[in-house]
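Structural features, examined
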Amino acid sequence: SQSGPGHRFRDRDARDDRTDQERHASNPRLSIDLPANGATVTPPFMFSGWAVDLGKIRGPGRGTGVDQVNVYAYPASGAPRISLGAATYGSARADVAATNGSQFTNSGFALTIQGLPTGRYDIRAEARSTVSLTFNPATITVDVFYPASLNPAALMFGATKAGANGDLVSAT
């Protein structure tokens, strides 16, 4: 009989045509480390954490059970979500390996977020499980704020300072 990722499994007494993904229950874990939930951030800022699927068959060379992490911003205003891109996935995380086994060492992800306008956002990471072939989310809320000298609108439209409520006002 053959076994391994993508192979069908069979034994002498009973036929079992389930694939790797069907034989092992998905057990995704996704954690966002930076920024902290509720933080006020000024772009560019780092968005990072780790993602694994503990349902992945255990053993050397088997991988983390995750193959990509996509990141989205959901404006509190109710405007449509903003795709921020795919995070770089696979950085070493000794803390994750210590808790879950060395197979899950390369489970870190990171994305530099830039260009979001001032406002409140739910930032959502979605990790794709290679066990279930589904995306599993984790979300934090951040407030994006620019000092007037750094605000993209100020640079584009000539506003040079913040008003009492934080809105940009023209110096003219």
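Structure shown above.
Reference entry: report on the structure contained in this document. (Residues numbered from 1 in each chain as written. Predicted model: local features only at pLDDT ≥ 70, side-chain atom pairs only at ≥ 80, totals over all residues. Heavy atoms only, no water.)

This paragraph deals with the overall build of the chain. When helices and strands are tallied, the chain shows three helices and 13 strands. Split into buried and exposed, the 172 residues of the chain put 37% on the buried side. Surface exposure of the chain reaches about 9,700 Å², of which carbon and sulfur atoms provide 51%. (Helix = DSSP H or I, 4+ residues; strand = E, 2+ residues; numbered from the N terminus. Buried < 20%, exposed > 50% of the residue type's maximum accessible area, 1.4 Å probe, protein only. Areas by Shrake-Rupley, 256 points an atom, 1.4 Å probe, with all protein chains shown as cover.)

Before going further, it helps to spend a moment on the sheet that holds strand β3 (residues 28-34). The strands that make up a sheet pair up through hydrogen bonds in the backbone, lying either parallel or antiparallel. Reading across from one edge, β3-β5-β9-β8 is the order of the four strands in this open sheet, with antiparallel pairing throughout. Sheet topology places β3 and β8 (88-91) at the edges, where each strand pairs with a single neighbour. Recorded for the sheet is a direction-independent mean angle of 25° between the axes of neighbouring strands. Note that strand β5 (residues 45-53) and strand β9 (residues 108-113) share six bridges and pair antiparallel. Looking at the pairing, phenylalanine 47 lines up with leucine 111 of β9. (Pairing = 2+ DSSP bridges. Axes fitted to C-alpha atoms, helices over the stretch in contact; angles between N-to-C directions.)

Right, let's get into the packing of aromatic side chains. Any two aromatic rings considered together are summarised by their centre-to-centre distance and by the angle between their planes. Within this structure, the stated rule accounts for one aromatic pair. Measuring from centroid to centroid gives 6.1 Å for phenylalanine 47 and phenylalanine 109, while their planes differ by 40°, and the two rings are tilted. Placement of phenylalanine 47 in strand β5 and of phenylalanine 109 in strand β9 is noted, with a sequence separation of 62 residues between them. Its relative accessible area of 0% is what places phenylalanine 47 among the buried residues. What makes phenylalanine 109 buried here is its relative accessible area of 2%. If you follow arginine 81 out to its NZ or CZ, it ends over the ring of tyrosine 72, 3.8 Å from the centre. (Phe/Tyr/Trp six-rings, centres within 6.5 Å; stacked < 30°, edge-to-face > 60°. Lys NZ or Arg CZ within 6 Å of the ring centre and 35° of its normal.)

Turning next to unusual backbone geometry. Cis geometry is adopted by the peptide bond preceding proline 35, which originates at leucine 34 and carries an omega value of -10°. Structurally, proline 35 can be placed in the loop between β3 and β4 (40-41). Residues proline 43 and proline 44 are joined by a peptide bond in cis, for which omega reads 0°. Examined against the element boundaries, proline 44 turns out to sit in the loop between β4 and β5. In this structure, leucine 133 is a non-glycine residue whose phi angle is positive, near 60°. Structurally, the position occupied by leucine 133 is in the loop between β10 (119-129) and β11 (135-144).

Working definition: two side chains of opposite charge can pair if their charged atoms are close together. All told, the structure shown has five salt bridges when counted by the stated rule. Notably, a salt bridge pairs arginine 93 with aspartate 33, separated by 2.6 Å at the nearest N-O pair. Of this pair, arginine 93 sits in the loop between β8 and α2 (94-100) while aspartate 33 sits in strand β3, placing them 60 residues apart in sequence. Taking relative accessible area as the criterion, aspartate 33 reaches 34% and is therefore assigned partly exposed. Ionic pairing is found between arginine 93 and aspartate 95, a salt bridge with its closest N-O pair at 2.8 Å. Among the residues examined, arginine 93 registers a relative accessible area of 16% and is labelled buried. Bridged by salt links that share partners, the residues Asp33, Arg93 and Asp95 form one connected network. (Salt bridge = Lys/Arg side-chain N within 4 Å of Asp/Glu carboxyl O.)

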